[in-house]
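One letter stands for each residue in the lines below.
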Amino acid sequence: MLKKLNADKYSWILILSLFLVVVEIIFADLGFLFPALFFGFLFYYGRKHRSSGWGKAVFWIGVIGLVMTALHMIIFKLIIAALFICLVIDFIKSKRRPKRIHPSFAENPEKDKGHVTIVPTLLKNKWFGSQETPRENYEWQDIDIQTGIGDTLIDLSHTILPKSESVIFIRHVAGRVRILVPYGVEAALRLSVVVGQADFFDHRVPRLLNESLAFQTDGYNQAEQKVKIVISAVAGSLEVRRK
């Protein structure tokens with residue numbers, strides 16, 4: 001448990017940073033005082049001179065300005081707080097119950113009139129939540145996904161990779177990415193991350209700060225079965241290991 005929390009520490013740092021931003025917005029922002037006083041003065045002045053066309057215009061400008069200021073002060077901040085709470089709850093749930101994707105490969109894939117085959121994908125783009133490849137045998141497809149906050153697990157031991165270069169391309173905001181590579185399959189990694197850590201087989205980089213790295217196993221260039229992994233992340237950890 002402690003190891004998992006340590007691996008996800010950069011994700012939690014990002015969550016904590018968002019929390020501090022929310023607190024700052026809700027409790028420390030007094031910038032509404034000037035527009036409230038300004039539109040309040042327009043409201044008062046226009047109400048005193050409503051008999052003239054100019055007074056009516058100033059009055060309604062003051063009314064609309066006060067309404068917009070009130071919305072900014074109350075509803076907008078409540079929405080931000082509610083979205084933040086939902087994000088944290090969904091992030092915690094994704095840690096406890098990762099979602100498994102079970103693609104169904106039909107014998108005769110659906111085709112449209114232009115004879116374009118609709119092929120199901122292994123993993124999906126997700127704003128929140130975790131996902132992983134099926135635990136039973138599945139047909140391989142190159143992976144290209146974008147995720148928000150959550151964990152991703154790709155287990156290559158339950159599929160047969162083609163005798164060519166397979167590609168895994170993941171862009172995500174925060175979370176843990178784990179890729180399990182079977183013995184006999186060579187791998188190359190291209191990693192770009194703002195803050196995080198990386199484990200590529202026996203090579204460990206415990207702290208990364210706005211780094212771009214590249215690794216590959218010794219026999220990658222000559223291998224028939226190999227996988228190219230490209231990861232772009234804001235915060236999180238990456239683990240590539242044998243299974």
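Data block above holds the structure.
What comes next is a walk through the structure. (Residues numbered from 1 in each chain as written. Predicted model: local features only at pLDDT ≥ 70, side-chain atom pairs only at ≥ 80, totals over all residues. Heavy atoms only, no water.)

## Focus: the overall build of the protein
Each helix and strand in the protein was counted, giving five helices and nine strands. When its helices and strands are written in sequence order, the protein yields α-α-α-α-α-β-β-β-β-β-β-β-β-β. Looking at the protein as a whole, 38% of its 243 residues are labelled buried. Sequence separation of at least 24 residues holds for 64% of the intrachain contacts in the protein that already meet a minimum separation of 6. Counting only carbon and sulfur atoms, one obtains 63% of the accessible surface of the protein, whose full area is about 15000 Å². (Helix = DSSP H or I, 4+ residues; strand = E, 2+ residues; numbered from the N terminus. Buried < 20%, exposed > 50% of the residue type's maximum accessible area, 1.4 Å probe, protein only. Contact = heavy atoms within 4.5 Å. Areas by Shrake-Rupley, 256 points an atom, 1.4 Å probe, with all protein chains shown as cover.)

## A closer look at a positive patch on the surface
There is a patch of like positive charges on the surface, built from Arg-47, Lys-48, Arg-50 and Lys-56. A relative accessible area of 42% means that Arg-50 is categorised as partly exposed. (Patch = residues over 30% accessible without salt bridge, like charges linked within 9 Å, V, L, I, M, F, W, Y side chains within 5 Å. Salt bridge = Lys/Arg side-chain N within 4 Å of Asp/Glu carboxyl O. Lys, Arg positive; Asp, Glu negative; His and termini not counted. Charge placed at Lys NZ, Arg CZ, Asp CG, Glu CD.)

## A look at the nonpolar core
Among the nonpolar cores identified, the biggest contains 30 residues, and Leu-156, Ile-168 and Ile-179 are the most heavily contacted of them. Elements that contribute at least two residues to this core include exactly β4 (143-149), β6 (165-181), β7 (186-200), β8 (203-216) and β9 (226-242). Dropping the residues within four chain positions of it, Ile-179 is found in contact with Ile-154, Leu-156, Ile-168, Ile-229, Glu-239, Val-240 and Arg-241. (Core = buried A, V, L, I, M, F, W, Y, C linked by side-chain atoms within 4.5 Å.)

## As for the pairing of strand β5 (residues 152-155)
With burial as the criterion, each face of β5 is covered, one bearing Thr-152 and Ile-154 and the other bearing Leu-153 and Asp-155. With two bridges connecting them, strand β3 (residues 131-132) and β5 associate as parallel partners. Bridge assignment links Gln-131 to a residue of β5, and that residue is Thr-152. Of the pairings in the sheet, the one linking β5 to β6 comprises four bridges and is parallel in character. Bridged to Asp-155 within β6 is Leu-180. (Pairing = 2+ DSSP bridges.)

## Examining the pairing of β6
With six bridges connecting them, β4 and β6 associate as parallel partners. Looking at β6, one finds that Ile-143 is bridged to Ile-168. Bridge count between β6 and β9: 16 bridges; the pairing is parallel. In the sheet register, Gly-175 faces β9, and the bridge partner there is Gly-236.

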